[in-house]
Amino acid sequence: MTSSRIKDPRLAAEIDEAELDWLRHVTPITQHYCREIGRRDYRGKKLACWMHIRHNNLLMFLALAESGAEIVLGACNVDSTDDAAAAYLAAHGITVYGWHRMSREDYQRHMELVRAFDADYLCDMGGELSAAYRDRTPPVRGALEATTSGLHVLRDLDVPFPVFDWNSIPLKEHFHNRFHVGDQVWPVFSEVTSMSLFGRTVLVVGYGPVGKGIAERARDLGAVVHVVDLDPIRLLDARHHGCTLVSLADGLARCEIVVTATGVEGVLGAEALRQVRPGAILFNAGHSNREIDIDWLYRQPLRRMKDHVERFDLDGTHLYLLARGSLLNLAAGARTTGADLFDPYTAVMLRGIAWLFDGGADGAPAGVRPFPAELEREIARLAVGL
């Protein structure tokens with residue numbers, strides 16, 4: 001196996017045991033499964049992961065390494081890696097590929113390196129890893145998928161192994177996607193831009209659970225929220241929550257802040273970007289950093305204003321892009337806040353991986369399958385103390 005490719009191995013020293021003990025304190029559900037899995041013998045289990053490499057994932061990977069599992073981890077986004085976390089995991093026997101602000105070429109190279117690992121199980125965010133392993137013989141025994149973007153990728157592919165969708169479970173869709181992303185996005189926005197939302201006009205592109213939570217939190221913070229979506233039921237829901245319904249063109253021309261939250265690439269292309277209100281601030285909160293056409297945008301005249309803020313001059317208008325179009329709450333370089341909010345979802349991954357290791361997927365049909373409801377209910381019972 002190729003050695004890790006990370007920013008700097010010395011950054012591992014930035015994470016100490018006291019910090020990890022505090023993380024254990026604020027994530028009791030994850031810690032419950034860490035203790036269980038750390039006592040098991042998973043030697044011979046080979047797991048490939050393609051996901052955000054963050055401080056809040058450290059305990060999960062340490063427990064899996066303690067169990068004897070062999071793990072290769074690649075960053076699923078060019079901008080979201082916590083470099084200290086990556087270095088710490090590499091120092092503890094996990095092969096890690098990724099760093100904050102890597103190039104697209106490095107990203108593709110890392111996918112090739114992860115794919116070269118003869119994994120039997122996958123933990124994916126974005127569908128790319130499952131897609132890359134489709135030609136493995138014999139097929140992978142089971143995989144997990146955590147994102148709407150990944151489901152969009154996989155729905156049109158013939159995947160010869162079962163992929164268990166935990167993005168759609170109520171525990172994630174109703175809570176994390178709707179409430180927690182919005183809770184994280186706007187403080188990062190204010191930190192990066194030095195702006196509040198009072199009286200600002202905000203356009204939310206996509207009113208799924210993530211977009212809905214972003215819109216609701218923006219209204220709580222004083223914004224005037226506009227929504228665009230292709231689904232009339234979602235639009236009716238947005239109206240009931242006090243949002244103004246607009247076409248994409250009208251919303252772009254009217255709003256000061258534009259947020260994409262669709263999970264689909266290419267939502268704002270060149271034509272749409274030329275229609276934005278002069279001085280509009282754009283950012284993305286979906287998984288893919290291609291919801292905004294950054295390939296086209298970076299061919300236009302640009303100027304770096306400050307860290308995570310760039311100005312692009314277009315014909316007749318100009319706009320500001322945050323965090324290179326990557327998901328703002330993870331890509332702006334700050335350590336993830338609300339580690340306790342991630343606790344149930346880290347537990348879902350950890351419990352799901354153990355379930356795969358224990359043969360839970362054996363005999364399951366190929367293709368995208370529902371995440372086992374009994375595992376979700378087990379985690380929910382722990383969360384409410386039942």
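That block above? That's the structure.
Overview of the structure.

Observations concerning the overall build of the chain
The helix and strand inventory of the chain stands at 16 helices and 15 strands. Here the C-alpha atoms of the chain give a radius of gyration of 21 Å, agreeing with the 21 Å that 2.2 N^0.38 yields for 386 residues. Based on the C-alpha atoms only, the size of the chain along its principal axes is roughly 60 × 45 × 40 Å. Taken across its 386 residues, the chain has 57% of its residues classed as buried. Pairs at least 24 residues apart make up 67% of the contacts formed inside the chain by residues separated by at least 6 positions. Just so you have it, the chain exposes about 15800 Å², and 50% of that area is on carbon and sulfur atoms. Distance from the positive charge centre (42 side chains) to the negative charge centre (51 side chains) of the chain: 1 Å.

Let's talk about the sheet that holds strand 14 (residues 317-322)
Judged by pairing direction, the sheet is mixed, and its 8 strands sit side by side in the order 9-8-7-10-11-14-13-12 without closing on themselves. Each edge of the sheet is formed by a strand with only one pairing partner; in this case those strands are strand 9 (244-245) and strand 12 (302-306).

A few points about helix 8 (residues 170-193)
With 24 residues, helix 8 should cover 34 Å at 1.5 Å per step; its first-to-last C-alpha distance of 33 Å lies within 8% of that length. The sharpest bend along helix 8 reaches about 40 degrees and sits at H176. Just downstream of helix 8 lies S194, where phi reads positive at about 65 degrees.

Concerning the sheet that holds strand 15 (residues 367-370)
Spatially, 7 strands are ordered 3-2-1-4-5-6-15 in an open sheet, and the strand pairing comes out parallel. In this open sheet, the two strands that pair with only one neighbour each are strand 3 (95-97) and strand 15. When strand polarity is set aside, the average angle formed by the axes of neighbouring strands in this sheet is 20 degrees. Strand contacts of helix 5 (residues 104-115): strand 1 (46-51), strand 2 (70-75) and strand 3, with the helix running at about 165 degrees to strand 1, the strand carrying the most contacts.

Observations regarding the packing of helix 1 (residues 17-26) against helix 3 (residues 58-66)
At their nearest, the axes of helix 1 and helix 3 sit 10 Å apart, and the two run at 100 degrees to each other. In terms of orientation, helix 1 lies roughly perpendicular with respect to helix 3. Where helix 1 approaches helix 3, its residues L20, L23 and R24 are matched on the opposing element by L58, L59 and L62. The residue makeup of the contact of helix 1 with helix 3, split by class, is 5 nonpolar, no polar and 1 charged.

Some thoughts on unusual backbone geometry
At the junction of T137 and P138, the peptide bond is cis and its omega measures out at -5 degrees in the coordinates. Tracing the chain through its elements places P138 in the loop between helix 6 (128-132) and strand 5 (142-145). Located in the positive-phi region is R101, a residue other than glycine, with phi close to 65 degrees. Inspection of the secondary structure puts R101 in the loop between strand 3 and helix 5. Residue classification places R101 among the partly exposed positions, given a relative accessible area of 38%. Backbone geometry at R324 places phi at a positive 60 degrees, although glycine is not the residue there.

Re the pattern of salt bridges
All chains considered together, the criterion is met by 23 salt bridges. A salt bridge links E256 to R200; the shortest N-O distance between them is 3.3 Å. On the criterion of sequence distance, the pair formed by E256 in the loop between helix 11 (248-254) and strand 10 (257-260) and R200 in the loop between helix 8 and strand 7 (201-205) is long-range, its members being 56 residues apart. Given a relative accessible area of 18%, E256 falls into the buried group. Overall, R200 belongs to the partly exposed group, its relative accessible area being 26%. Across the salt bridge formed by R234 and D229, the nearest N and O atoms sit 3.7 Å from each other. Using a relative accessible area of 35% as the deciding quantity, one classes R234 as partly exposed.

Here is what the cut-offs are and how they apply
Residues numbered from 1 in each chain as written. Predicted model: local features only at pLDDT ≥ 70, side-chain atom pairs only at ≥ 80, totals over all residues. Heavy atoms only, no water. Helix = DSSP H or I, 4+ residues; strand = E, 2+ residues; numbered from the N terminus. Rg over C-alpha atoms; globule rule 2.2 N^0.38 Å. Buried < 20%, exposed > 50% of the residue type's maximum accessible area, 1.4 Å probe, protein only. Contact = heavy atoms within 4.5 Å. Areas by Shrake-Rupley, 256 points an atom, 1.4 Å probe, with all protein chains shown as cover. Lys, Arg positive; Asp, Glu negative; His and termini not counted. Charge placed at Lys NZ, Arg CZ, Asp CG, Glu CD. Pairing = 2+ DSSP bridges. Expected span 1.5 Å × (residues − 1). Bend = angle between axes of the 7 residues up to and from the residue. Axes fitted to C-alpha atoms, helices over the stretch in contact; angles between N-to-C directions. Parallel < 35°, antiparallel > 145°, perpendicular 65-115°, else oblique. Nonpolar A, V, L, I, M, F, W, Y, C, P; charged D, E, K, R; others polar. Salt bridge = Lys/Arg side-chain N within 4 Å of Asp/Glu carboxyl O.

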